[in-house]
There are 2 protein chains.
Amino acid sequence: MSSSLKEVAARAGVSARTVSNVVNGSARVSAQTRQRVQEAIDELGYRPNLAARSLRAGRTGIIGLAIPELHSPYFGELAGLLVDEARRRSWTVIIDQTHGDAEAERRLLTGDGGRVMDGLIISPWALEAQDLATTAPSLPMVLLGERSPQGMADRVAVDNVAAADEATTHLLTLGRRRIAAIGLQPHLQNGTAEQRAEGYRRALRRAGVRPRPEWERAVGSLHRREGARAMAELLDGGTAPDAVFAFTDELALGAMHMAHTRGVRVPEELAIVGFDDIEDGRFSHPTLTTVSPDKRQIAARALQCLADRIYSPDNEVPASDLTIPHRLVVRGSTSGTQAH
Amino acid sequence: MSSSLKEVAARAGVSARTVSNVVNGSARVSAQTRQRVQEAIDELGYRPNLAARSLRAGRTGIIGLAIPELHSPYFGELAGLLVDEARRRSWTVIIDQTHGDAEAERRLLTGDGGRVMDGLIISPWALEAQDLATTAPSLPMVLLGERSPQGMADRVAVDNVAAADEATTHLLTLGRRRIAAIGLQPHLQNGTAEQRAEGYRRALRRAGVRPRPEWERAVGSLHRREGARAMAELLDGGTAPDAVFAFTDELALGAMHMAHTRGVRVPEELAIVGFDDIEDGRFSHPTLTTVSPDKRQIAARALQCLADRIYSPDNEVPASDLTIPHRLVVRGSTSGTQAH
DNA sequence: GTGAAAGCGCTAACAG
DNA sequence: CTGTTAGCGCTTTCAC
């Protein structure tokens, strides 16, 4: 179907070695020879076979990205940034969706089905620290989020406790005291959710407000639908909250939707803060106050870590644990103005 | 680093052939031998090297997906569906973002940098039909959207003219007559935008309304920001429209945002229809009326086409041109109720 | 500056 | 049922 290096060599009247040199620029080739080879390449439409090259090199130039789902503004945006950053490093990215399925995550980690990837960036969801530790890491790996057992792999994440604390404190500063939280995931032992809950409670306690379990709402997923459902439960409960801290923007937008549906005014009667700073929140009505992690930096750091591990012969580099900066972006859902 | 088939064979005291048979189940192996081999595999943590396998097989099991950007609800969702569908067919997906860059699209088409992918699904944006035709397709390819020169590659798309007509007709049915359109991209010769504009004009004419050029607003991108900008221009213009058909939901949500900012009530003073049926539109305030393409079917059909081309030895199968069904979903932005 | 040849890890055709 | 072996297309050490 497609011509090989050998055919190019034959046509140009040189050896395979020389063609290889021309293609890779790996050694000096006389201008004349180079041109003859280049012509042969063009005429034959030669493209190097990457499988062969990888087999030789022991590397594929492909890294894996495993995320719960592409269909999610946060992960979609992050994936986009990671793909761009990878491209800058001449890597291609294979994307896998785990859908929060433990089996899918484990399969990826063990490299079941064969080695294609030089490294893996994974945002574990269903797998617990325990599992991650026992599942031998068969390849360089960077974890996004809160599930790294110490020292097992590099980790890149924001300080969720501090961020949640800030978000909650912001609501307290507005004079709100009946502050609910939406987004707990008790069945998952999900590190992220637990840490955001911890920051939420910490802020409440510091302000002398006692956390009320009935205002900590669990969700089955992080989609808008679940945020809406949780909000409905809160509004149907005994005392209605006057503020909500949602653990993701999607949940927050779902909650806001339900507030509108029930005729509850935002932010007057109900202030809302989200987490992630997705695009939607900048154009919702009202616009959404949120914790904004530096996603660009998450992508850059994750790839830097991976590159270090892949290119460093020394396998004993201690795992790094990078904390990415974040900031609270105040918008309409917690202030009178529709600040952008 | 990782053990090879040969090592496994040595440890199990069999030949490479037998190990290969065990791994692939390609021939009958005695239960006893199988077990011995399996033990060796487990002990050594053997994983087949896919580069070698691909080199041998002439196939990689990897397909490419090239879209303008992952960071976009529509493409993110579509990419997710395609990845899942590919997985069902035991393919892995390499994702590339073109960012609407003609050069990036061309590079992909020519397979510059080497052959890794068995096939490519591409949603061309910047490249014109002309370019696509002249750029020799070096691999099986399916085009998503409106840019296929006839017969060059398979194409999967909705009937944009009909869909835009329906959307506009819906607005006319509500009694609106000053209907603007947001989303033209004249500089791109973009087939999709042109076809939606055509459907829009056709519906207007059929209803005896003369299309007004100043109500056809061009955008630089399909993001919410541009929708907001275009809406602002419309509101600042001479006669304000009483309805807007935006060529994507993101543009529609941007327009809606601007309407809110300017105190224009939706849908009372301004009805809005979008296109794509992204998740955000189901939870916006008000919820967004939109044209909903059957994305699941787009994904399924695109992969079916690709599979046919990859597995069919006959290269002369005529290119198919599949039209995917769509439907108009009426929600709050064009009706009094907040219908979900 | 260029050629010859070995071999990356795997599969499959050919023996036995 | 299992062993032997020849490449897949490329890079690279060793010669010239």
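Our subject is the structure that appears above.
A few points on the structure. (Residues numbered from 1 in each chain as written. Chains lettered and ligands numbered in written order. Predicted model: local features only at pLDDT ≥ 70, side-chain atom pairs only at ≥ 80, totals over all residues. Heavy atoms only, no water.)

To continue, consider the packing of helix α5 (residues 73–88) of chain A against helix α13 (residues 295–311) of chain A. All names here are of chain A. In the contact formed by α5 and α13, the axes pass within 9 Å of each other and the chain directions differ by 45°. In terms of orientation, α5 lies oblique with respect to α13. With respect to the hand of their crossing, α5 and α13 are arranged in right-handed fashion. Taking contact as the criterion, the partners of Tyr74, Glu77, Leu78, Leu81, Leu82, Glu85 and Ala86 in α5 are, on α13, Lys295, Arg296, Ile298, Ala299, Ala300, Ala302 and Leu303. Its residues placed into classes, the contact of α5 with α13 shows ten nonpolar, no polar and four charged. (Axes fitted to C-alpha atoms, helices over the stretch in contact; angles between N-to-C directions. Helix = DSSP H or I, 4+ residues; strand = E, 2+ residues; numbered from the N terminus. Parallel < 35°, antiparallel > 145°, perpendicular 65-115°, else oblique. Left-handed = near helix turned anticlockwise from the far one by under 90°. Contact = heavy atoms within 4.5 Å. Nonpolar A, V, L, I, M, F, W, Y, C, P; charged D, E, K, R; others polar.)

Quick look at the interface of chain B and chain A now. At the junction of the two partners, chain B supplies 50 residues and chain A supplies 50 residues. Surface buried jointly by chain B and chain A totals about 4700 Å² across both partners, of which 57% is contributed by carbon and sulfur atoms. When the area that chain B buries against chain A is broken down by residue, the three leading residues are Arg47, Arg115 and Phe283 of chain B, summing to 16%. At the junction of chain B with chain A, the criterion picks out four salt bridges. Across the pair Asp280 of chain A and Arg224 of chain B runs a salt bridge, and its minimum N-O distance is 3.6 Å. Between the two partners, chain B and chain A, sit twelve residue pairs in polar contact (both at pLDDT 80 or more). When residues of the side of chain B that touches chain A are traced back to their parent elements, those giving at least two are α4 (50–57), α5 (73–88), β2 (92–97), α6 (102–110), α10 (224–236), α11 (249–261) and α12 (280–283) of chain B. Per-element tally for the side of chain B that touches chain A: the top contributor is α5 of chain B, with seven residues. Tallied by class, the residues present in the side of chain B that touches chain A amount to 16 nonpolar, 21 polar and 13 charged. With three bridges joining them, strand β2 (residues 92–97) of chain A and β2 of chain B adopt antiparallel strand pairing. From the neighbouring strand, Ile94 of chain A faces β2 of chain B, where its bridge partner is Ile94 of chain B. (Buried area = accessible area lost by both parts, 1.4 Å probe. Salt bridge = Lys/Arg side-chain N within 4 Å of Asp/Glu carboxyl O. Polar contact = N/O pair within 3.5 Å; in protein donor to acceptor, adjacent residues only side chain to side chain. Pairing = 2+ DSSP bridges.)

The next thing to look at is unusual backbone geometry. Most peptide bonds are trans, and most residues other than glycine sit at a negative phi. Omega for the bond connecting His285 of chain A with Pro286 of chain A falls within 30 degrees of zero, at -5°, which places this linkage in the cis form. Position of Pro286 of chain A relative to the elements: it lies in the loop between α12 (280–283) and β10 (289–293). Residue Val266 of chain B is joined to Pro267 of chain B through a cis peptide bond whose omega torsion reads 5°. Relative to the helices and strands, Pro267 of chain B resides in the loop between α11 and β9 (271–275). Here the phi dihedral of His99 of chain A falls at roughly 55°; this positive angle occurs in a residue that is not glycine. Position of His99 of chain A relative to the elements: it lies in the loop between β2 and α6 (102–110). Although it is not a glycine, Asp276 of chain A sits at a positive phi angle of roughly 130°. Here Asp276 of chain A is to be found in the loop between β9 (271–275) and α12. Accessibility expressed as a relative area gives 8% for Asp276 of chain A, which makes it buried. (Buried < 20%, exposed > 50% of the residue type's maximum accessible area, 1.4 Å probe, protein only.)

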